[in-house]
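Observations on the three-dimensional arrangement
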Amino acid sequence: MGTEPATTAGTPLPPSVQAGPLNHAILRVARLHRMLAAQLLRRVGLHPSQELVMMQLWDLGPQRQTDLVRMLGSDAATMTRTVQRLEHAGFVRRRPSATDKRATIIEPTPASQALRREVEGIWAELERSVTGDLTPDQQAEALEVLGQIEAGLVRAATQGA
């Protein structure tokens, strides 16, 4: 049994990735998830990850840009570009912090509130696509396993830092 090549949907994996079939599966799933998210978000003029910034702002209110970077695991340059695009689209407004002259506060605009309902609908549709025919128990198990994988990756990343 251990000598059989690893497969993906019945197709043998290329020899170069057989040493890491789980890595390969995670990359495939992440790529497909991002592709579907991009298709769905395109309907409302957003790109993947922009909705995450908006969700943080809708849920928590105005935030320092540095806090958005930290909460979303982004980098400063990417967040700056994301905020600029959202500002250009009229969904956020930037203003200087009243308490820290170095900080910029990002706040959702009233125009973004209509977008909120659409983004929530898109996330529900994406969730239905992700869960497919999984039972509630399988969904709970998947969340547990993904949490363990994430914790292992966090450990590995912090040990290497």
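Residues numbered from 1 in each chain as written. Predicted model: local features only at pLDDT ≥ 70, side-chain atom pairs only at ≥ 80, totals over all residues. Heavy atoms only, no water.

Quick notes on the pattern of salt bridges
Definition in use: Here, a salt bridge means any side-chain nitrogen of Lys or Arg that lies within 4 Å of a carboxyl oxygen of Asp or Glu. Relative accessible area decides the class of each residue, using a 1.4 Å probe on protein chains only: under 20% of the type maximum gives buried, over 50% gives exposed, and in between gives partly exposed.
Going through the model one piece at a time under the given rule, you end up with 9 salt bridges. In this structure, the salt-bridge partner of Arg102 is Asp100, at a minimum N-O distance of 3.3 Å. For Arg102, a relative accessible area of 76% corresponds to the exposed category. Members of the salt-bridge network, linked through shared partners, are Asp59, Arg116 and Glu120.

A short note on the nonpolar core
The test is simple: Here, the term nonpolar core denotes a set of buried Ala, Val, Leu, Ile, Met, Phe, Trp, Tyr and Cys residues that are joined through side-chain atoms within 4.5 Å. Runs of E in the DSSP output that reach at least two residues are strands. Runs of H or I that reach at least four are helices, and both are numbered from the N terminus. In this analysis, two residues are considered to be in contact whenever any of their non-hydrogen atoms come within 4.5 Å of each other.
One finds Leu46, Met54, Leu57, Leu86, Val92 and Leu115 to be the most contacted residues of the largest nonpolar core, which totals 22 residues. For this core, the elements supplying multiple residues, two or more each, are helix H1 (21-42), helix H2 (50-60), helix H3 (65-72), helix H4 (76-88) and helix H5 (112-131). The leading source of residues in this core is H2, at 5 residues. Ignoring any residue separated from it by four or fewer positions in sequence, one finds Met54 in contact with Leu86, Phe91, Val92, Pro108, Ser112 and Leu115.

All quantities given are derived from atomic positions and should not be read as evidence of function.
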